[in-house]
2 protein chains.
Amino acid sequence: MASQANARKGSGRHASAPAPDEGTAMRIGDLARLVGTTPRTIRYYEEIGLLPAAAERHAGVHRLYGASDVERLREIMSLRQLLGVSLEELKELLSAQEARAALKAEYHREDLSPARRREVLAESLVHIERQLALVERRVRELSGLRDELRGRAKRIRALLAEGKQGAAQRRKAAAGGRA
Amino acid sequence: MASQANARKGSGRHASAPAPDEGTAMRIGDLARLVGTTPRTIRYYEEIGLLPAAAERHAGVHRLYGASDVERLREIMSLRQLLGVSLEELKELLSAQEARAALKAEYHREDLSPARRREVLAESLVHIERQLALVERRVRELSGLRDELRGRAKRIRALLAEGKQGAAQRRKAAAGGRA
DNA sequence: TCTAAACCTTACGTGAACGTAAGCTTGAGG
DNA sequence: CCTCAAGCTTACGTTCACGTAAGGTTTAGA
């Protein structure tokens, strides 16, 4: 019922196209398999606004995705895993990127004042740098942890090497080493 | 950080001492404030076996913690945040460390065969290296992300700089730059 | 045209990681 | 010794991030 005025199946263009014009159109199951998740998760992300909800999709019609959606979803899952943030925080972080995508389109139009163009770029830069700061902090912290662990490993290896060639009493000299 | 053989407290020794001999004994609320969490969380961690449950504590008696507990809890929260693992996974990861702590005690006894000593050390090394591998992978992934973001920022800054000194048409020449 | 797999919506269920409330007990300080 | 803030146990509540099931619809393909 209600098949609407959508009879234009001639070539491409069904409801809910993946993007203005992106080659490969896949369904939710394919996308899920591709990025290693489930349809439910993808729908959930859409539901909470983490993934954009193809505007022109009538109730019941299958969702369609393109290459950019794959990329986006991959990025989401990667960021989530790496930064360990909640989906809500991630959404905020990426709203930046969404805006950037929109602005990117705007940016590439020929009729755009240089001033506006600069505005768009500047805003993008702010967003990226915010993400960057987050990531860099994280890298620093993790590097610290890594170095600590390396130190411990090194100390143990030293003890092992020392023990190997006799000198069991030598240990007292090198006291303080935490096992 | 080992406080070594401290002067025995005059009349210390209530149930649930923080450790065989650790100076500062604090209650759960203090510990919570110190590491930035809540008593409930600490009890929960104990409940699921992530924090050791002072063996000799009779029902109803207040929990007491020492410096090593602070350290332990800090490490837990840090690892959890940095590695983004579940408490269950973390528990496994740390069971290693727990064992190490136990073995450390054993290790420092004078009467211990060099062979056994080497065993203890080797096992410790395995555990540490497992953690290390995890952390290093994480660092690599995050570094990749960081570099990607840096690249994007750089490109945008280049566009901004270019736009700044006139030449609005120059853009066409440097086409392909993703906003 | 017909079929069956994949998808749709809606809604309730679940595990992890705590939050919160109630009623009672402990223990540090006056 | 008394008090009362802080703790204790028990138990139900909550948020997040999906899982799962039911019942109907869409759509690729024979």
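The rules we used
Residues numbered from 1 in each chain as written. Chains lettered and ligands numbered in written order. Predicted model: local features only at pLDDT ≥ 70, side-chain atom pairs only at ≥ 80, totals over all residues. Heavy atoms only, no water. Helix = DSSP H or I, 4+ residues; strand = E, 2+ residues; numbered from the N terminus. Buried < 20%, exposed > 50% of the residue type's maximum accessible area, 1.4 Å probe, protein only. Areas by Shrake-Rupley, 256 points an atom, 1.4 Å probe, with all protein chains shown as cover. Near = heavy atom within 4 Å. Polar contact = N/O pair within 3.5 Å; in protein donor to acceptor, adjacent residues only side chain to side chain. Nonpolar A, V, L, I, M, F, W, Y, C, P; charged D, E, K, R; others polar. Phe/Tyr/Trp six-rings, centres within 6.5 Å; stacked < 30°, edge-to-face > 60°.

(A) Region of the structure containing the overall build of chain A. Per the secondary structure count, chain A includes 5 helices and 0 strands. From first element to last, N terminus to C terminus, chain A shows the α and β order α-α-α-α-α. In chain A, which comprises 179 residues, the proportion classed as buried is 35%. For chain A, the exposed surface amounts to about 11000 Å²; the carbon and sulfur share of it is 53%.

(B) Layout of the protein's contact with DNA strand C. Near DNA strand C you find 21 residues, and of these Gly29(A), Arg57(A), Arg63(A), Tyr45(B) and Leu87(B) are the closest. Near the protein, meaning within 4 Å, the atoms of DNA strand C are sugar or phosphate in a fraction of 77%, with bases accounting for the rest. Here a phosphate oxygen of DNA strand C and a backbone polar atom of Gly29(A) are 2.8 Å apart. For the surface near DNA strand C, the elements supplying multiple residues, two or more each, are α1 (28-35) of chain A together with α2 (39-47) of chain B. Top contributing element to the surface near DNA strand C by residue count: α2(B), with 4 residues. Tallied by class, the residues present in the surface near DNA strand C amount to 6 nonpolar, 8 polar and 7 charged.

(C) Up close: the protein's contact with DNA strand D. Every one of the 21 residues lining DNA strand D counts as a neighbour, but Thr38(A), Arg40(A), Tyr45(A), Gly29(B) and Arg63(B) are closest to it. Expressed as a percentage, the sugar and phosphate content of the atoms of DNA strand D within 4 Å of the protein is 79%. Between DNA strand D and Arg27(B), the relevant distance is 3.4 Å, taken from a sugar or linking oxygen to a side-chain nitrogen or oxygen of the residue. Taking Gly29(B), its main chain carries an N or O atom lying 2.8 Å from a phosphate oxygen of DNA strand D. Those elements that place two or more of their residues in the surface near DNA strand D are α2 (39-47) of chain A together with α1 (28-35) of chain B. Counting residues per element, the surface near DNA strand D draws most heavily on α2(A), which supplies 4 residues. Class assignment of the residues belonging to the surface near DNA strand D gives a composition of 6 nonpolar, 8 polar and 7 charged.

(D) The arrangement of the packing of aromatic side chains in detail. All names here are of chain A. Scanning the entire structure with this criterion turns up 2 aromatic pairs over all chains. Ring plane angle 50° and centroid distance 6.3 Å describe the contact between Tyr44 and Tyr45, whose orientation is recorded as tilted. Relative accessible area serves as the criterion here: at 35%, Tyr44 is assigned to the partly exposed category.

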